[in-house]
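Here's the letter readout for the chains.
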Amino acid sequence: MNPEELQNLAREAQSRLESLQTPAQLEEFRIAYLGRKGKVTCLFEALKTAPSEERRTLGQKLNELKNSLEEKLKGRQSGLSASGGREKEFLDPTLPGIRPASGRIHPLTQTIRRITGIFERLGFEVAEGPEIETEFYNFTALNIPLDHPSRDAFATFYTQVDSPRESPFLLRSQTSTVQIRVMQKRKPPLRIIAPGRVYRPDRVDASHAFMFHQIEGLMVDERTTFSELKGVLHLFLRQLLGPETKIRFRPHFFPFTEPSAEVDVNCFLCDGRGCSVCGGKGWLELLGAGSVDPAVFEQVGYDPKRVQGFAFGLGVERIAMLMHGISDIRMFLENDLRFLRQF
Ligand code: PHE
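Residues numbered from 1 in each chain as written. Predicted model: local features only at pLDDT ≥ 70, side-chain atom pairs only at ≥ 80, totals over all residues. Heavy atoms only, no water.

Draft legend 1. Representation of the overall build of the protein. The secondary structure content of the protein amounts to 11 helices and 9 strands. At 40 Å, the protein has a C-alpha radius of gyration far larger than the 20 Å of a compact globule built from 343 residues. Taken over the C-alpha atoms alone, the protein extends approximately 130 × 50 × 35 Å along its principal axes. Each of the 343 residues in the protein was classed as buried or not, and the buried ones make up 40%. (Helix = DSSP H or I, 4+ residues; strand = E, 2+ residues; numbered from the N terminus. Rg over C-alpha atoms; globule rule 2.2 N^0.38 Å. Buried < 20%, exposed > 50% of the residue type's maximum accessible area, 1.4 Å probe, protein only.)

This is the structure in structure tokens:
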């Protein structure tokens, strides 16, 4: 053994000790250098064969090395246990912060808020009604005859499965129920917009769900004409879809409005030229609407000779799908963040 060997060992041990991270590594180090067959211990053996003139100084240096290693090892061990087994973490305050995961508003809720927002600015007020309803509110008060196909157990969810038509309750199949509930409680003038869930036992596919959302509108006053219905819907659709939006009223039938219409907008995907979304027609059907049928006013105790009104209904999923190019209605309920993060 010579002084150089000793110095090299000291340097090597020193730098290795500094790089150790865990208690296990420190123990490994202790065995490798200070253990019974450790490198330092072996040098004590080698000391015996060193020339006698050097033995004293080498022995001293070796002892110093051993003591200093033992001390530093202890220091590192207590440092590690103080920081819970981890080396003290280096904090760099100049690094960019970690952005907390933030939530978003569901695309359907966004669509509902946009639509109700437009009507609120036109003086309509948001109303709500129960999702569990009676036949009276879902059908009878809306002038829907007893034998109408929408009353069938294949078209509406009844609470009594074995004898559906005797059920005291059903899941509402349209938000038109809210028209009745509001008119029963209040006197005209009325301007309400009623968003909510509706339920129908449809076979689920890319465009059908057993639960979806509708928005109902109702305006009643002494003189509320069909042309006002047209004006309000035109204003609404231009605000929702852009100032160039064209609308078209097609004659239709609903038991609770007379006259009734289905309302189309020019297909904003192909600009009316005809595409797969509008089925080559150039028009998209968006709403059902009409003047409130006098029979409905009678059901709620309004005098049809003294009041007039209009009502309309639209499907939220359909509008959201058209506006965002969503091809499958089931995506709204899958909770897939890859889908939801896009809105
Ligand atoms: N309730 C009708 C439906 O679900 C839509 C509608 C509402 C039509 C109000 C006219 C007036 O299809």
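Draft legend 2. Summary view of the site of the ligand. Looking at the ligand, there are 14 residues lining it, with Gln 174, Ser 176, Arg 200, Gln 214 and Glu 216 nearest. Within the contact set of the ligand, a nitrogen atom lies 3.0 Å away from a side-chain nitrogen or oxygen of Ser 176. Note that an oxygen atom of the ligand is positioned 3.0 Å from one of the side-chain N or O atoms of Gln 214. Relative to its free-state accessible area of 330 Å², the ligand is covered by the protein chains to the extent of 88%. (Near = heavy atom within 4 Å. Polar contact = N/O pair within 3.5 Å; in protein donor to acceptor, adjacent residues only side chain to side chain. Areas by Shrake-Rupley, 256 points an atom, 1.4 Å probe, with all protein chains shown as cover.)

Draft legend 3. Seen up close, the domain arrangement of the protein. When its domains are assigned, the protein resolves into domain 1 (3–82) and domain 2 (107–340). Inter-centroid distance (C-alpha atoms) of domain 1 to domain 2 is 84 Å. (Domains from an automatic or database assignment.)

Draft legend 4. Quick look at the side chain of Thr 245. As for its placement among the helices and strands, Thr 245 is situated in the loop between helix H8 (226–241) and strand S6 (247–254). Among all residues touching Thr 245, those that are not within four sequence positions of it are His 234, Leu 237, Arg 238, Val 265 and Asn 266. (Contact = heavy atoms within 4.5 Å.)

Draft legend 5. Region of interest: the packing of aromatic side chains. The full count for this structure, using the stated rule, is 11 aromatic pairs. With a centroid separation of 5.8 Å and 25° between ring planes, the pair formed by Phe 297 and Tyr 302 is classed as stacked. The exposure class of Tyr 302 is buried, given its relative accessible area of 5%. Residues Phe 332 and Phe 339 carry aromatic rings whose centres are separated by 6.0 Å and whose planes lie at 80° to one another, so their mutual orientation is edge-to-face. Of the two residues examined, Phe 332 and Phe 339, each falls in the buried class. Positioned above the aromatic ring of Tyr 137, the side-chain terminus of Arg 181 is 3.8 Å from the ring centre. (Phe/Tyr/Trp six-rings, centres within 6.5 Å; stacked < 30°, edge-to-face > 60°. Lys NZ or Arg CZ within 6 Å of the ring centre and 35° of its normal.)

Draft legend 6. Molecular detail of the nonpolar core. The biggest cluster of nonpolar side chains holds 41 residues, and the ones touching the most others in it are Ile 115, Phe 119, Leu 233, Phe 236, Leu 287, Phe 312 and Phe 332. Contributing elements (two or more residues each) for this core: helix H5 (107–121), strand S5 (211–221), H8, strand S7 (257–266), strand S8 (283–292), strand S9 (308–315), helix H10 (316–324) and helix H11 (337–340). Discounting residues that sit within four places of it in the chain, Ile 115 has contacts with Ile 215, Phe 236, Leu 240, Leu 314 and Ile 319. If you look at the next biggest cluster of nonpolar residues, it comprises 26 residues, including Ala 127, Phe 139, Leu 170 and Tyr 302. (Core = buried A, V, L, I, M, F, W, Y, C linked by side-chain atoms within 4.5 Å.)

Draft legend 7. Expanded view of the pattern of salt bridges. Under the counting rule described, the total for this entry stands at 13 salt bridges. Its salt-bridge partner being Arg 186, residue Glu 125 comes within 3.2 Å of it at the nearest N-O pair. Of the two residues, Glu 125 is situated in strand S1 (residues 125–126) and Arg 186 in the loop between helix H7 (177–185) and strand S4 (190–199); the sequence distance between them amounts to 61 residues. Residue Glu 135 pairs with Arg 165 through a salt bridge whose shortest N-O separation is 4.0 Å. One end of the pair, Glu 135, is in helix H6 (residues 135–138); the other, Arg 165, is in the loop between H6 and strand S3 (170–171), with 30 residues separating them in the sequence. The class of Glu 135 is buried, set by a relative accessible area of 18%. A cluster of three or more residues bridged by salt bridges with shared partners is formed by Arg 248, Arg 250, Glu 262 and Asp 264. (Salt bridge = Lys/Arg side-chain N within 4 Å of Asp/Glu carboxyl O.)

Draft legend 8. Looking closely at the sheet that holds S9. With respect to topology, 7 strands assemble into an open sheet ordered S1-S4-S5-S9-S8-S7-S6, the strand pairing being mixed. Where the open sheet ends on each side, the last strands, each with one partner, are S1 and S6. Bridge analysis of S7 against S8 gives 8 bridges, and the strand direction is antiparallel. Along S8, the bridge assignment pairs Asn 266 with Trp 283. Together, S4, S5 and S9 form the strand contacts of H7, whose direction differs from that of S4 by roughly 140°. Running over the sheet, H8 touches S5, S6, S7, S8 and S9 and is turned about 145° from S8. (Pairing = 2+ DSSP bridges. Axes fitted to C-alpha atoms, helices over the stretch in contact; angles between N-to-C directions.)

Draft legend 9. Quick peek at unusual backbone geometry. Cis peptide bonds are those with omega within 30 degrees of zero, and the linkage from Pro 188 to Pro 189 qualifies with 5°. Inspection of the secondary structure puts Pro 189 in the loop between H7 and S4. One non-glycine residue with positive phi stands out, namely Asn 335, at about 60°. Mapped onto the secondary structure, Asn 335 falls in the loop between H10 and H11. Residue class for Asn 335 comes out exposed when judged on its relative accessible area of 61%.

Draft legend 10. Molecular detail of helix H2 (residues 23–34). Between the first and last C-alpha of H2 there are 16 Å, a value that for 12 residues agrees with the 16 Å anticipated at 1.5 Å per step. Within H2, the full set of buried residues consists of Leu 26, Phe 29, Tyr 33 and Leu 34. Take H2 and look down its axis: the buried residues cluster within an arc of 85°, on one side only. Along H2, exposed side chains directed more than 90 degrees from the buried face belong to Ala 24 and Glu 28. (Expected span 1.5 Å × (residues − 1). Arc of directions from axis to C-beta.)

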